[in-house]
Amino acid sequence: MMHMTFYWSTSVTLLIDSWKTESWASYGLTLLACLIASAFYQYLEDRRIRLKLIAASVGSSPASASPIEEPLLQSKIGRWSATKFAGAALFGINSAIGYLIMLAVMSFNGGVFLAVVLGLAIGYLLFRSGDGDVAVVDNACACA
């Protein structure tokens, strides 16, 4: 049965028909899997942003203008570098995990929702709340 409102039960079908919980043990393991997947999502997002920052700092010299100030003069040399492929792979994997987490929340089970939110908060606390928080801006226009 597909629920359209939040419900509280140990009986939940998550993502695929064969992932059903019928006991407290299986439900607890499912919630733990949701929590770990959500924290891992934050970890991968942190790795992707750090990779982008490292690539930007290695690729630019101190005397050159930043890409935000002069976007049309930005060099296209190294357009297909290994760093860009790694960043694209991390982005794809992270997007897939994010969509699976979204689908898990769409099961409308209250425990799954809380496990995902708690996992995202724990992942943010562990991996993304450091002193080195720097915003990576792909496009200087706020409306893009």
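Residues numbered from 1 in each chain as written. Predicted model: local features only at pLDDT ≥ 70, side-chain atom pairs only at ≥ 80, totals over all residues. Heavy atoms only, no water.

Chemist: Before we go on, may I ask you to explain helix α3 (residues 110-128) in this structure?
Modeler: For the α-helix, the turn length of 3.6 residues means that residues three or four positions removed from each other point alike. The end-to-end C-alpha distance of α3, which contains 19 residues, comes to 26 Å, matching closely the 27 Å that a straight helix rising 1.5 Å per residue would cover. Turning to α3, its buried residues are Gly110, Gly111, Val112, Ala115, Val116, Gly119 and Gly123. Among the residues of α3, the N-terminal cap falls to asparagine 109, whose side-chain oxygen and the backbone nitrogen of glycine 111 are separated by 2.9 Å. (Helix = DSSP H or I, 4+ residues; strand = E, 2+ residues; numbered from the N terminus. Expected span 1.5 Å × (residues − 1). Buried < 20%, exposed > 50% of the residue type's maximum accessible area, 1.4 Å probe, protein only. Polar contact = N/O pair within 3.5 Å; in protein donor to acceptor, adjacent residues only side chain to side chain.)

Chemist: Where do I start with the packing of aromatic side chains in this structure?
Modeler: Two descriptors summarise a pair of aromatic rings, namely the distance from one centre to the other and the angle between the planes of the rings. In the structure shown here, the tally under the stated rule is 5 aromatic pairs. Ring geometry for tryptophan 24 against tyrosine 27: centres 6.2 Å apart, planes inclined by 80°, an arrangement best described as edge-to-face. Linking tryptophan 24 with tyrosine 27, this pair stays in helix α1 (residues 24-59), spanning 3 residues, or about one helical turn. Take tryptophan 24: its relative accessible area is 66%, and that puts it in the exposed class. Between tyrosine 43 and phenylalanine 127, the ring centres sit 5.0 Å apart and the planes meet at 65°, which makes this aromatic pair edge-to-face. (Phe/Tyr/Trp six-rings, centres within 6.5 Å; stacked < 30°, edge-to-face > 60°.)

Chemist: Where do I start with the UniProt feature "transmembrane region" (unreviewed entry) in the chain in this structure?
Modeler: Mapped onto this numbering, the UniProt entry annotates "transmembrane region" (unreviewed entry) at residues 24-44, 85-105 and 111-127. A distance of 30 Å separates the end C-alpha atoms of residues 24-44, which is 100% helix and 0% strand. Counting secondary structure, residues 85-105 comes out at 100% helix and 0% strand; the distance between its end C-alpha atoms is 30 Å. (UniProt positions renumbered as here; feature names shortened; annotations may be inferred.)

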